[in-house]
Amino acid sequence: RKWCYIRMEGTTFGNVALNIRARDLEKARLTGHVELLTGDERYLAQVARTFQSVRRSDIVVLIDSYGQASVAVNNGSAAEVLGLDAGDEVRIRRLG
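Attention here is on the structure that accompanies the text. From a predicted model like this one, the values you see are computed outputs, not experimental measurements. (Residues numbered from 1 in each chain as written. Predicted model: local features only at pLDDT ≥ 70, side-chain atom pairs only at ≥ 80, totals over all residues. Heavy atoms only, no water.)

A count of helices and strands for the protein chain gives two helices and seven strands. Helices and strands appear in the protein chain in the N-to-C order β-β-α-β-β-β-β-α-β. With 96 residues in all, the protein chain has 43% of them scored as buried. The long-range share in the protein chain, meaning contacts at least 24 apart out of those at least 6 apart in sequence, stands at 52%. (Helix = DSSP H or I, 4+ residues; strand = E, 2+ residues; numbered from the N terminus. Buried < 20%, exposed > 50% of the residue type's maximum accessible area, 1.4 Å probe, protein only. Contact = heavy atoms within 4.5 Å.)

Structure representation (structure tokens):
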């Protein structure tokens, strides 16, 4: 299991910045489809580098050009969909 915590440096378009980098995800073998756990809720997400890799309204752990990870929703707000507030915890778990 890999635990990630929201880094509140602000959000852009509802994307939630995490304090984890692409290399951390790869080291923990958190690639492809993963499960996000927030409070008592669970969400299916996909680790990707672009929104084109996922369908509209899909949850994605997006890797930016600096190698930093954030949770996003294609054409939506991850903060709203996942009900996240400052200081909330996001856990990422490998599937399978």
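Continuing now.
What follows covers the pattern of salt bridges. One side chain can pair with another of opposite charge once the charged atoms of both are near each other. Here the structure, examined in full by the defined rule, presents four salt bridges. The salt bridge partner of glutamate 35 is arginine 42, with a shortest N-O separation of 3.4 Å. Look at arginine 42 and you get exposed, because its relative accessible area is 51%. A salt bridge links glutamate 35 to arginine 93; the nearest nitrogen and oxygen atoms lie 2.5 Å apart. Residue glutamate 35 is found in strand β3 (residues 33–38), and its partner arginine 93 is found in strand β7 (residues 89–94); the two are separated by 58 residues along the sequence. Each of the salt bridges in this network shares a partner with another, and the network as a whole consists of Glu35, Arg42 and Arg93. (Salt bridge = Lys/Arg side-chain N within 4 Å of Asp/Glu carboxyl O.)

Right, let's talk about the side chain of glutamate 35 for a bit. Owing to a relative accessible area of 15%, glutamate 35 belongs among the buried residues under this scheme. Within the structure, glutamate 35 has its side chain in polar contact with the side chain of arginine 42 (distance 3.4 Å). What glutamate 35 contacts, discounting residues up to four positions off in sequence, is Arg42, Tyr43, Arg91, Ile92, Arg93 and Leu95. (Polar contact = N/O pair within 3.5 Å; in protein donor to acceptor, adjacent residues only side chain to side chain.)

Quick look at the side chain of glutamine 68 now. Structurally, the position occupied by glutamine 68 is in strand β6 (residues 68–73). Of the residues examined, glutamine 68 reaches a relative accessible area of 12% and is grouped as buried. A distance of 3.0 Å separates the side chain of glutamine 68 from the side chain of arginine 21, its partner in a polar contact.

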